[in-house]
Amino acid sequence: MALPGLPGLPGLPGVPDTPAARESARLFVAEAARAGLAEDDPAVTEAVARCGYHPLAVRLTAARFRDRPLWSLGSLSAELDATARQSTGTPAVPATVPAVVAAAFHLAYRDLALPQQRLLRRIGLVPGPDFDVLAASALVDSDPATVEALLDGLVGRHLVEKSAHGRYRLPGVLHEPARVLAFGDGPNTRAAAINRFLDHYLACATAADRQLARRPLLAAGRLAPGADRAPDLSTPERAIAWMQGECANLQAAVEFAIRHGRHAHAVHLPAALHAYLRGRGHWQEARVLHHLALDSAVLLGDRPGRAETLLNLAELDGLTGEQAAAEERYSQALELYRGLADRTGEAYALSGLGLVQEAQGRYESAVETHQAALHLHLADGDRHGQIAAMVGLARAQRTLGNHTQATQNLQPALELSEFLNSRPGRADASLGLGVVGELTGQYQAAAARHWEAVNLYAAIGDRLGQADALSALGRMQQLMGQYAAALGSHGEALEIHRVLGHDEGRADTLLLLGDAHLALGESDLATREFTTALELHRDGGRRRAELDALLGLARLDHAAGRSGVAVEWLSGVVAGYHELGVRPGEARALAVLGDAQRSTGAYEPALQSLWRALSLCRDLQDPGAEAQTLNLLGRLLAETGWSNPHTHYAQARDLACELPLPYQEMLALEGAGIGLCEEGSEAEGEIWLRSALGVADRLGIPDAERIRARLDALTRGPVLVAWPEAAPESVPDDQG
């Protein structure tokens, strides 16, 4: 039987001999797996021509031929041809589906047993790119083992494709014909399948969220029906793996729920996805889903769902620097929760407002707000909320220099998170304790805490937290003189912030990189980092961070000999820190201001600034900053001759050795050595200077050349020069 309209082929008139025809014939023979079947068999050539040489139509037809050993190819071709003619132009065959594919699909569907037909119809309802056995089980309300066997049968007939990871999908061109078949089930049956499918996803997403989130789901916290089909999501690793595999499907399920009028699912699914999307930096995707959820919550009159969605949107606003919008949404959520008499929700809204107040530099207000949230969580018995509130409260207290109070909140937060096996809580508390450890001179313990936080954040897939912990670790490495390691940690953190699009984190990391470059004498790189950080923080309205960047630039001016300019900048920076109540920043700025004033010959103001800085450092119990200030005081006293500087250098050296803080140790040794040489004790002074040189060489910093030059001068004659202006200003920012 010749096919009309096709050029002739030797041995079979009307059938073309083309690469597509030959490849289709090879494919048919391979799939049919019939003994004695050859690619040049005229019946094979005609069959693949009837399939229009479409690979999927060829596979579907060959699989039918394989499973029907008594059929002839001629009857198979005729049946396919007749079905294609009948289905052309009918509503059941969309214009985007080739008629030969639609015909092959419907014939293959007709051959299936009833359970497989039902499963294939339901798969047509799946909104996402793929699915697993458990989701398919929910669609047909059957056990996973039975459904897996049915799916494998469909895979063998090429109606469904299976990936190497055990996930399934309909071939793209078959999705619409399968969806059309699903409408044959009737509205009630179809509605029940959709509900089971969405319930399954909500149950799984809720279980996964428990492993990744800092706060429990407030409106969608209960497991949906169908949770018995959920996989094992009892660890963060399993939760992340499931979320990664299903994220696109879950996002598609939200729009699917809206199209089918399942607005409750459209409210709760985005909430269950929030922690995962936030941690992975998918903030825009999360924002789109939460706006859909908000519309659905308003439509349903669902006030708890609306309040929770506002919390999630407000958190995203804060991450992207939109603090005014965040404050507005947290306030709206707070009002809703108070109207619902929901103290747990009210507490989380207060915690969010506390974060906004911190970002705006209103630290005293932030302390009060976090305390109010903590009291509500304690009264309500929400232990996860207690962890979050204590960490937030400690962060605000730490910024104000109340390190003891911060530790008193962070230690129980860590213990409670360990008791609850909450890795997000442990990560946050460990990072907080590490930062307090930095500020109180517990450097080794702080570094261990930072490493722990890095690993915990990585385990729960929180890229933002991981970047913050890496920055803190790099700060510790820099303080301990491990500059190469510090640059590596800061670089890794900077890349994460860049990928996430998190400008605040990127700017904070640039400040730390600027400190490292300044310590290494790389002033051009330091200028670039400080300037970029200043622009980013200024654009974001982050006043405290802006002061940090200005302090870095002022230190650069001082190091370059522009001490008069530095004094002008530093006076404003000191006042800014004082106005915000940020005492650690004020102490650092006062120390640099005092040294800059010394360089300009304003000795009495310099002494006043340095004494104020030393008093603040001791009040804050910050031995690192105290060692730095003692070195600068020793230098001032040596230059003015007002008193013997040895006591200050000795105190600085003792503190620096204990911490350890090698850069300050080097400065103390150098200062003491210079003083001894100037007093005529060159031999003893040389010992101190050689010790200082050993530390500088070990650190690999440019200060080594300055000290080496002094030692060389000792062999030629008296030391005639004092400490160069550039030396103390290359001190790293010890407090981060």
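Everything numeric in this text was worked out from a predicted model, so none of it was measured. (Residues numbered from 1 in each chain as written. Predicted model: local features only at pLDDT ≥ 70, side-chain atom pairs only at ≥ 80, totals over all residues. Heavy atoms only, no water.)

Each helix and strand counted, the protein chain has 35 helices and two strands in total. Against the globule reference of 27 Å for 736 residues, the protein chain gives a C-alpha radius of gyration of 35 Å, more extended than a compact globule. A principal-axis box enclosing the C-alpha atoms of the protein chain has dimensions of 115 × 65 × 40 Å. Long-range contacts, defined as pairs at least 24 residues apart, comprise 62% of the intrachain contacts of the protein chain with a sequence gap of at least 6. About 28,500 Å² of surface is accessible on the protein chain, with carbon and sulfur atoms providing 53% of the total. Across the protein chain, the mean location of the 67 positive side-chain charges is 8 Å away from that of the 91 negative side-chain charges. (Helix = DSSP H or I, 4+ residues; strand = E, 2+ residues; numbered from the N terminus. Rg over C-alpha atoms; globule rule 2.2 N^0.38 Å. Contact = heavy atoms within 4.5 Å. Areas by Shrake-Rupley, 256 points an atom, 1.4 Å probe, with all protein chains shown as cover. Lys, Arg positive; Asp, Glu negative; His and termini not counted. Charge placed at Lys NZ, Arg CZ, Asp CG, Glu CD.)

Counted according to the given criterion, the structure contains seven aromatic pairs. Judged by centre distance (6.0 Å) and plane angle (35°), the ring pair of Phe28 and Phe65 falls under tilted. Taken together, the residues span a long stretch of sequence, with Phe28 in helix α1 (residues 19-32) and Phe65 in helix α3 (residues 55-67) at a distance of 37 residues. Take Phe28 and Phe65: they sit in the same class, and that class is buried. Relative to Trp642, the ring of Tyr603 lies with its centre 6.3 Å away and its plane at 85°, an arrangement referred to as edge-to-face. Of this pair, Tyr603 sits in helix α29 (residues 603-620) while Trp642 sits in the loop between α30 (623-640) and α31 (646-658); the two residues are 39 residues apart in sequence, bridging distant segments of the chain. When its relative accessible area of 28% is taken as the criterion, Tyr603 is described as partly exposed. By relative accessible area, which is 43% here, Trp642 ends up partly exposed. Clustering of aromatic rings is evident, with ring pairs tying together Phe197, Tyr201, Trp242 and Phe256. Over the face of the ring belonging to Phe65 we find Arg34, whose NZ or CZ atom lies 3.7 Å from the ring centre. (Phe/Tyr/Trp six-rings, centres within 6.5 Å; stacked < 30°, edge-to-face > 60°. Buried < 20%, exposed > 50% of the residue type's maximum accessible area, 1.4 Å probe, protein only. Lys NZ or Arg CZ within 6 Å of the ring centre and 35° of its normal.)

Following the sequence through the fold, Gly345 ends up in helix α16 (residues 343-359). Relative accessible area serves as the criterion here: at 0%, Gly345 is assigned to the buried category. Considered as a pair, Gly345 and His377 are 32 residues apart in the sequence and their alpha carbons are 9.4 Å apart. If near-sequence neighbours (up to four positions away) are discounted, Gly345 is found in contact with Leu218 and Tyr337.

So, about the nonpolar core. Counting residues in hydrophobic clusters, the biggest one holds 110 residues, and the most contacted among them are Phe28, Leu119, Leu120, Leu151, Leu159, Trp242 and Met243. Top element by residues in this core is helix α10 (residues 187-212). It accounts for 11 residues. Sequence-distant contacts of Leu119, that is, excluding residues within four places in its chain, are made with Ala136, Val140, Val147, Leu150, Leu151 and Leu154. If you look at the next biggest cluster of nonpolar residues, it comprises 96 residues, including Val391, Ala507, Leu547 and Ala656. (Core = buried A, V, L, I, M, F, W, Y, C linked by side-chain atoms within 4.5 Å.)

This part takes up the pattern of salt bridges. Summed over all chains, the structure comprises 53 salt bridges. Linking Arg167 and Glu246 is a salt bridge whose minimum nitrogen-to-oxygen distance equals 3.0 Å. With Arg167 in the loop between β1 (161-162) and β2 (168-169) and Glu246 in helix α11 (residues 236-259), this pair connects stretches of sequence that are 79 residues apart. Comparing Arg167 with Glu246, the two get one shared label, buried. (Salt bridge = Lys/Arg side-chain N within 4 Å of Asp/Glu carboxyl O.)

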